[in-house]
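A structural walkthrough
What follows is the residue order along each chain.
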Amino acid sequence: MTRYAFLELTSCGDCLSELYMNPEINKLLEEGEIVYWPAYGIVGDPEEIGEVDVTFIAGTVRTRRDLEELEKFRRISRIVVAYGTCSIYGGLNGLTALLEPRAIADGEYVKLLMPTVKPVTDYIEPDILVPGCPPTREVMARLAKTLKKYISGGKPEKKIFLIPGEVLCKHCPRRPSNPEKAEMPGIRDPNEVVDDGRCFIEQGILCLGPVTANGCNHLCIRFNHPCMGCMGPARGVVDQGLNMIGSIGSILLKSREVKLLFPGLAKELDKLRDPMGYFYRYTLPKAMLTKLALRRRGVE
Amino acid sequence: MDWEPWLIGFLSKWTAGIAAESAGVNRVRYSPNIVLINVPCCGLISPIHVVDAFLQGADGVYIGGALPPANCHYKVGNFKAFKRFYLLKKLMKQFGIEPERIRLEWFVSPQYRKLAKTIDDFVDEIKKLGPITGGVEE
Ligand code: SF4
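Residues numbered from 1 in each chain as written. Chains lettered and ligands numbered in written order. Predicted model: local features only at pLDDT ≥ 70, side-chain atom pairs only at ≥ 80, totals over all residues. Heavy atoms only, no water.

Side note on the pairing of strand S1 (residues 7–12) of chain B
Residue and element names in this part refer to chain B. Counted only if it meets this: Relative accessibility thresholds used throughout: buried, under 20% of the residue-type maximum; exposed, over 50%; partly exposed, between the two (1.4 Å probe, protein chains only). The helix and strand labels rest on DSSP assignments: H or I over at least four residues marks a helix, E over at least two residues marks a strand, and numbering proceeds from the N terminus. When DSSP finds at least two bridges between two strands, those strands are taken to pair. Crossover handedness is defined here as right-handed if the route from the first strand over the helix to the second strand goes clockwise, with the strands pointing away from the viewer.
The buried fraction of S1 amounts to six of the six residues, a majority that puts the element mostly inside the structure. The two faces of S1 match: Leu 7, Gly 9 and Leu 11 on one face and Ile 8, Phe 10 and Ser 12 on the other face are all buried. In this structure, S1 lies alongside strand S2 (residues 34–39), joined through six bridges in parallel fashion. Bridge pairing in S2 links Ser 12 to Val 39. With respect to chirality, the unit in which S1 leads through helix H1 (residues 16–25) into the neighbouring parallel S2 is right-handed.

Structural notes on the confidence of the model for chain B
Residue and element names in this part refer to chain B. In plain terms, the rule: The predictor attaches a confidence to each residue, and that confidence, scored 0 to 100, is pLDDT.
For chain B, per-residue confidence averages 90 on the pLDDT scale, and 96% of positions sit at 70 or higher. By mean pLDDT, H1 is the weakest element of chain B at 88, and helix H2 (residues 47–55) is the strongest at 95. Reported for the predicted complex are a pTM of 0.91 and an ipTM of 0.91.

Some remarks on the sheet that holds strand S4 (residues 102–107) of chain B
Residue and element names in this part refer to chain B. Rules: For helices, the fitted line uses only the C-alpha atoms of the stretch in contact; every axis is such a line through C-alpha atoms, and the angle between N-to-C directions lies from 0 to 180 degrees. Two residues qualify as a contact provided that any one of their heavy atoms is within 4.5 Å of a heavy atom in the partner residue.
The strand order across the open sheet built from four strands is S2-S1-S3-S4, with neighbouring strands paired in parallel fashion. Sheet topology places S2 and S4 at the edges, where each strand pairs with a single neighbour. When strand polarity is set aside, the average angle formed by the axes of neighbouring strands in this sheet is 20 degrees. Pairing geometry for S1 and strand S3 (residues 60–66), over five bridges, is parallel. Of the residues in S3, the one forming a bridge with Leu 11 is Gly 64. The sheet contacts of H2 involve S1, S3 and S4, and relative to S3 the element is tilted by about 150 degrees.

Side note on the pairing of strand S5 (residues 77–83) of chain A
All names here are of chain A. Counting buried positions over the seven residues of S5 gives seven, a clear majority of the element. Of the pairings in the sheet, the one linking strand S3 (residues 52–58) to S5 comprises five bridges and is parallel in character. Its bridge partner being in S5, Val 54 is matched across the sheet by Ile 79. Sheet topology note: the S5/strand S7 (residues 128–130) ladder contains three bridges and is parallel. Bridging across to S7, Val 81 finds its partner in Ile 128.

What to know about the packing of aromatic side chains
Rules: Each aromatic pair joins two rings of Phe, Tyr and Trp (for Trp, the six-membered one) with centres within 6.5 Å, and gets the label stacked for planes under 30 degrees apart, edge-to-face for over 60, and tilted for any other angle. Whether a charge sits over a ring depends on NZ of Lys or CZ of Arg being within 6 Å of the ring centre and within 35 degrees of the ring normal.
Inspection of every chain in the model, using the stated rule, returns 14 aromatic pairs over all chains. Ring geometry for A:Trp37 and A:Tyr40: centres 4.4 Å apart, planes at 50 degrees, overall tilted. Judged by centre distance (5.7 Å) and plane angle (75 degrees), the rings of A:Phe262 and B:Phe79 are edge-to-face. Note that A:Phe262 is positioned in helix H10 (residues 257–269) and B:Phe79 in helix H3 (residues 77–94), a pairing that runs across two chains. In textbook terms, an aromatic cluster arises when at least three aromatic residues are bridged by ring pairs, as seen for A:Tyr4, A:Phe6, A:Tyr20, A:Trp37, A:Tyr40 and A:Phe56. Across from the ring centre of A:Phe200, 4.0 Å away, lies the NZ or CZ of A:Arg174, which sits over that ring. Taking NZ or CZ as reference, B:Lys114 lies 5.1 Å from the ring centre of B:Phe107, over its face.

Below is the structure:
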C-alpha cells in the first residue's frame, strides 16, 4: 500500500486541505494510507514511521522544528512534493523575511525561530514542485497523473515543475492587441478606475502579469483583479520585483516623458507607495535585495 | 580603518562614455576606486545588473547617461533609466539599503570635468556610508 505523509510547516495549511479534497488525489489517498498528518490528528514519531512513498510539504521554514521535520522527511521519503507557493518562494509567510526574530516573538520563543524565513527549496531538493496559492484544480489533476506514474516505485529523474512557467500575459484575455505600443498612462489606485476590459497596465493599474508564471489560467484576471504574482516568477524572470521595475520603466507614460521630464516622472512614480509589498507579496525571501539586506545582518 | 570602497560605473557610450574618454585624453584624474563600463545606452541597464553588482561586493553604482530632453542617442533611453532607478532607490530604502548607493548623473557628451568631479564626490559619499555589507566581517 502506498504510504503518504502531509507535512505542514509554517503556513496556513489550506492548500493541503484543498488537495485532500480534490477527487482525483483523494482517490489515490483512499487506495493508500496516510501515515502522518498532525493537523488532522494523524501523529507519530517520524523516526518510527519508516519509509514513506510520497510526502506533501507545504509552508516555509520559520522555526527550528520546521527544519528538523523537513530534513527527517526528506530522508525517509521516496518522493517529496513541494506544494504551494510558500514552499517554493516563501509565499505570504515570507513577508517576515526581513524582520528580526525579536520583532515576531517574545522571550523564550525567540530561540525557537530561525534567523529568517526561507522556502523549503532552500534546504532540500524536492522531486515535484507545485506552485500556486493555492494550486488550481488543473494543476492538482496533473499532480495526480504524475503521481500515478511513480506509485509503484521509482522517482522522477529530474525535478518536475508542474506549471508551464510561461509569462501570464502571453495568453491573457486582456492582452493588448499591439503590445509594442502598450503604454501605462500613470499609476492609479484601482478604485479610481472604471474597468473597461483592457489590459490593466494600459489602464494604469499595476498588474504583475509581465513577470509572473502562468499556472492559474488567469483566474484573477477573468474576475477583474490584476495579477498579484502568486505563481512566482515566470521562466526567464530573475527577480519579480526588479524585472517589474524594468517593465514599468519601459512603458510608464512613454509618450509624455519628454514633456514631463524627470520631476514629472518622479511625481508619478511617487504614487507607488509600497513597491516592496506590491512586487514581493509572494516571493520576498527569494528577492535579490533580501539577500543583500540579510547579509548585512550576518544572515546567509 | 583601511577599508577602500570599490564602485562600478555604467556609462552610456554616447555621452558619459565620451566624457570618460576625454578625461583620459585631457589627463584629468578621478578616483581609482571605480571601474567604468561602457554600455550602448543607460536605458538598457537593468535593475538586476545593479543589484547584482551590490551582491558581488560593489559599494556603490554610478550611472551616467544623457542630459534630457534632447541628448540621448536613442531619444528616450535616459528617461527609461531614470524611471527604473528612481523606483529601485525607493525599493532599496524599504529593504534598509541606502538609496544613495546609486548615483545618476546626466551629461552632454564631453563634460569630462563634471564626470571626474561627480565620481570623486560619489567615492567620498560612499566612504562615509561604509561598506555594502554594513561592516559585518565576512
Ligand atoms: S499586464 Fe495583466 S492584464 Fe495586461 S496582459 Fe499582462 S496579465 Fe493581462
